[in-house]
Amino acid sequence: IQEINARVDKILFEHGKRDFARFVQITTPPTPDNHVKFRKAIIDTIQELKGLNIRSAMNSGTDILGRFYEVFLKYGNGAKEIGIVLTPRHITRLGVEILNVSRTDVVFDPACGTGGFLVAAFDYVRKYANKTQLDEFKENKIFGIEQEPEVVALALVNMIFRGDGKNNIIEGNTFAKLIPKKATKVLMNPPFALKKDDEKEYRFIDRAIEQMEDGGQLFVIIPSTIMFKGKQYKAWREKLLQSNTIQVVIKLPEDLFYPIGVHASALIVKKGIPHDKSEEIFWGYLVDGYMKKKGVMKKVKDGNIEMMKSAVIDFLNGSTNLPKSKPKEYTVAPALLDSDLEFAPEYYL
């Protein structure tokens, strides 16, 4: 372990990235009983890395580290304890494409995890930008905050893989940190509140909105209950509508975050324009084609993700060609601003 740490430190020093060493330093398990398992895990990991074409992975647009961490968390069982819910790649791509993130946007994820949304945004912008434009975007227009040190390390490496956008990954509590400029597009999947004293998910939304420009858009994944529960949740929805417009609410597949059993929805909010009672909202039900098979999520059919993406984009662009509804998949209608103030897609579909 000491030899590995020394090698890493030397190489990072040679490349002017020595500050990064503390994030990836390996420490010995405190219990001797675990040393044999730990040694085997290190050997297995090194063998796996030797067989991985890092350069190819860097250029593939695949979030290799995010996929690795998903497996790692399943074995470590750390995800449930700290509320980490890693966003599947097809959902990060969906959010980025729906919001049509461009090189002129300032992109922000206030709870960035391994950087899944930031990776998707970077790869999407790269398709339509030249080198100079991409350099400007990665240096000055893409930001993330994450407080779990082990997760910060993966976000940093993810952005280094994409050309060293790591300077804009901020370690710390998102409620105590600010990015240097107002965001135009926010994409986020905040930690799910699994215990009573956990930070409520809607507080992350409020914090994100504080750091957005008026007219900016937020794509956020939240537990579905936030959109229909009463008391504090209803009070939050009322407050949100006073200064912002809800544009889209999509119910996500039930097993999306397996093995964590949380029913989730995707919400798109436009900042700075009070919600008009006649404002039409896109209510959708996403079927991504993934199913749980022997405890693993596998793609078994096409689902409706491409249709849903196209329909939401048409809706946000004000297309007159979009049908008002497609049975069991989506409908376009104003919210029923009654005493319950429900914003659950099931309520409208």
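Residues numbered from 1 in each chain as written. Predicted model: local features only at pLDDT ≥ 70, side-chain atom pairs only at ≥ 80, totals over all residues. Heavy atoms only, no water.

Moving on: helix 12 (residues 232-243). Over its 12 residues, helix 12 extends 18 Å from the first C-alpha to the last, a length consistent with the 16 Å expected when each residue adds 1.5 Å. All of the buried residues in helix 12 are Tyr233, Trp236, Arg237, Leu240 and Leu241. Each buried residue of helix 12 sits inside an arc of 135° when the element is viewed along its axis, so together they form one side. Among the exposed residues of helix 12, those pointing more than 90 degrees away from its buried face are Lys239 and Gln242. Looking at the buried side of helix 12, the elements it contacts are helix 11 (201-210), strand 6 (244-251) and strand 7 (264-271). (Helix = DSSP H or I, 4+ residues; strand = E, 2+ residues; numbered from the N terminus. Expected span 1.5 Å × (residues − 1). Buried < 20%, exposed > 50% of the residue type's maximum accessible area, 1.4 Å probe, protein only. Arc of directions from axis to C-beta. Contact = heavy atoms within 4.5 Å.)

Turning to the pairing of strand 2 (residues 142-146), a few remarks are in order. With 5 of 5 residues buried, strand 2 is to be regarded as a mostly interior element. Where strand 1 (residues 107-109) and strand 2 come together, 3 bridges link them in parallel fashion. Bridge assignment links Phe108 to a residue of strand 2, and that residue is Phe143. Across 3 bridges, the pairing between strand 2 and strand 3 (residues 169-171) is parallel. Across the sheet, Ile145 pairs through a bridge with Ile170, a residue of strand 3. (Pairing = 2+ DSSP bridges.)

What follows covers the sheet that holds strand 5 (residues 212-223). One open sheet accounts for 10 strands, arranged 3-2-1-4-5-7-6-8-12-11; its pairing is mixed. Every other strand in the sheet has two partners, leaving strand 3 and strand 11 (325-326) as the edge strands with one partner each. Judged from the 7 bridges that link them, strand 5 and strand 7 form a sheet pairing that is antiparallel. Paired with Leu218 across the strands is Val269, a residue of strand 7. Together, strand 6 and strand 7 form the strand contacts of helix 12, whose direction differs from that of strand 6 by roughly 125°. (Axes fitted to C-alpha atoms, helices over the stretch in contact; angles between N-to-C directions.)

Keep in mind these values describe shape, not function.
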